[in-house]
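Topology and contacts: notes
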Amino acid sequence: MTKKDVQFEVEVYNSSAELSAPDAALLEEARKTTANAYAPYSKFLVSAVAALEGGQKVVGTNQENASYPVGICAERVLLSTVASQYPGQAIDTIAISYNNTQGKSGHPISPCGICRQSLSEYEERINHPIRIILSGLSGEVFIIKQAKDLLPLTFTSSDLG
Ligand code: THU
């Protein structure tokens, strides 16, 4: 028996004031566009904003439904929009923020498991790492170098043989 040690690095900043200007601007856009989410059930408004390699910015927000499982997370709304509007374009960075209108929004949240799988496949499909900036409306900011770091031992298309 051997053991594998799976690790990844997270950059931790005290606030957006410590970020580079482009990263701070992207995060600010994610914070603002949480207002575009449709989350009347959870009251948890999420936005993910992508900076594409070509310079364009694309926004995705969570869109819920009275039939709860129909709802879709901000990250997957974003990836579907990018793939549809800018086919083949690499995503350099995604900033994700949220407004928990019934609680606190002062710490970073991280994408759910399904979104990690989607992010990881987008990276593989375009063969370009996606940096991820995570923060609430205020407070600490985490930066992750590539989406696949969030999903060790990922199931991928190559597993299908
Ligand atoms: N949600 C996202 O959009 N992204 C995440 O990373 C976490 C959760 C949404 C799903 C649901 O509409 C609401 O937040 C509460 O879970």
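Structure first, text after, so check above.
Throughout what follows, the structure given in this document is the object of discussion.

Reading the values: rules and limits
Residue numbers restart at each chain and count upward from 1, following the sequence in its written direction. Whole-chain, interface and lining totals are the exception, using all residues; otherwise, since this is a predicted model, local features are given only for residues with pLDDT of at least 70 and side-chain atom pairs are given and counted only at 80 or more. Heavy atoms from the whole structure form the basis of all side-chain values; hydrogens and water molecules are not counted. Orientation is described by lines fitted to C-alpha atoms, with helices fitted over the stretch in contact, and by angles between N-to-C directions that extend from 0 to 180 degrees. For the purposes of this entry, the term helix denotes a DSSP run of H or I that reaches at least four residues, the term strand denotes a run of E that reaches at least two, and both are numbered from the N terminus. When describing relative orientation, an angle under 35 degrees is termed roughly parallel and one over 145 degrees roughly antiparallel, while 65 to 115 degrees is termed roughly perpendicular and anything else oblique. Each crossing gets its hand from how the near helix is turned against the far one by less than a right angle, where anticlockwise is left-handed and clockwise is right-handed. When checking whether two residues touch, look at their non-hydrogen atoms; a contact exists if any pair is within 4.5 Å. Residues are grouped as follows: Ala, Val, Leu, Ile, Met, Phe, Trp, Tyr, Cys and Pro are nonpolar; Asp, Glu, Lys and Arg are charged; every other residue, Gly included, is polar. The residues that make up patches have over 30% relative accessible area and no salt bridge, and they are joined within 9 Å when like-charged or within 5 Å when they are Val, Leu, Ile, Met, Phe, Trp or Tyr. Methods summary: accessible areas were calculated by the Shrake-Rupley approach with a probe of 1.4 Å, and residue burial reflects only the protein chains presented. When a carboxyl oxygen of Asp or Glu is within 4 Å of a side-chain nitrogen of Lys or Arg, the pair counts as a salt bridge. Note on terminology: near, applied to a residue and a molecule or strand, indicates that one of the residue's heavy atoms is within 4 Å of it. In protein, a polar contact requires one atom able to donate a hydrogen and another able to accept it; more generally it is a pair of N or O atoms within 3.5 Å, and residues adjacent in sequence count only if both atoms are side-chain atoms. The set of buried Ala, Val, Leu, Ile, Met, Phe, Trp, Tyr and Cys residues whose side-chain atoms join them within 4.5 Å is what this entry labels a nonpolar core. When a residue's accessible area, from a 1.4 Å probe over protein chains only, is under 20% of the maximum for its type it is buried; when over 50% it is exposed; and in between it is partly exposed. Pairs of strands are assigned from DSSP output, requiring at least two bridges between the strands.

1. Quick look at the packing of helix 2 (residues 74–85) against helix 3 (residues 113–126)
Look at helix 2 against helix 3: their axes get within 9 Å of each other, and the N-to-C directions meet at 25 degrees. With respect to their mutual orientation, helix 2 and helix 3 come out roughly parallel. Helix-helix and strand crossings are classified by hand; for helix 2 and helix 3 the assignment is left-handed. Across from Glu75, Arg76, Leu79, Val82 and Ala83 in helix 2, the residues of helix 3 making contact are Ile114, Cys115, Ser118, Leu119, Tyr122 and Arg125. The residue makeup of the contact of helix 2 with helix 3, split by class, is seven nonpolar, one polar and three charged.

2. Some words on a nonpolar patch on the surface
Judged by side-chain polarity, Phe8, Val10 and Val12 come together as a nonpolar surface patch covering roughly 240 Å² of accessible area. Examined against the element boundaries, valine 12 turns out to sit in strand 1 (residues 10–13).

3. What about the site of the ligand?
Inspection of the region around the ligand gives Ser42, Phe44, Val46, Asn62, Glu64, Cys73, Ala74, Glu75, Ser110, Pro111 and Cys112 as its neighbouring residues. Contact between the ligand and alanine 74: an oxygen atom at 2.9 Å from a main-chain N or O atom of the residue. Within the side chain of glutamate 75, an N or O atom sits 2.6 Å from an oxygen atom of the ligand. Coverage of the ligand by the protein chains reaches 75% of its 370 Å² of free accessible surface. At the level of elements, strand 2 (44–52) and helix 2 are the ones that each hand at least two residues to the shell around the ligand.

4. Some remarks on the nonpolar core
Counting residues in each nonpolar core, the largest one holds 24 residues, and the members touching the most others are Val82, Ile91, Ile94 and Ile132. With eleven residues, the next largest nonpolar core counts Leu19, Ala30, Ala51 and Ala95 among its residues.

5. Here we look at the pairing of strand 4 (residues 91–100)
The buried fraction of strand 4 is high, at eight of ten residues. Where strand 2 lies against strand 4, nine bridges are found, and the strand directions are antiparallel. Each bridged residue has a counterpart across the sheet, and for leucine 52 the counterpart in strand 4 is isoleucine 91. Two elements, strand 4 and strand 5 (residues 131–135), share four bridges in a ladder whose sense is parallel. Considered in strand 5, the bridge of threonine 93 is made with arginine 131.

6. Quick notes on the sheet that holds strand 3 (residues 57–61)
Where strands meet in a sheet, backbone hydrogen bonds hold them as pairs that are either parallel or antiparallel. In space, the six strands of this open sheet follow the order 1-6-5-4-2-3, with mixed pairing throughout. Pairing within the sheet leaves two strands with one partner each, and these edge strands are strand 1 and strand 3. Averaged over all neighbouring strand pairs, the angle between strand axes comes to 20 degrees, with direction disregarded. Note: strand 5 against strand 6 (residues 141–144), four bridges, orientation antiparallel. Residue leucine 134 lies in a different strand from strand 6, and its bridge partner there is phenylalanine 142. Helix 1 (residues 21–33) rests against strand 2, strand 3, strand 4, strand 5 and strand 6 of the sheet, and its axis sits at about 40 degrees to strand 4.

7. As for the pairing of strand 3
One ladder, built from five bridges, connects strand 2 with strand 3; its direction is antiparallel. By the bridge assignment for strand 3, serine 47 is matched with threonine 61.

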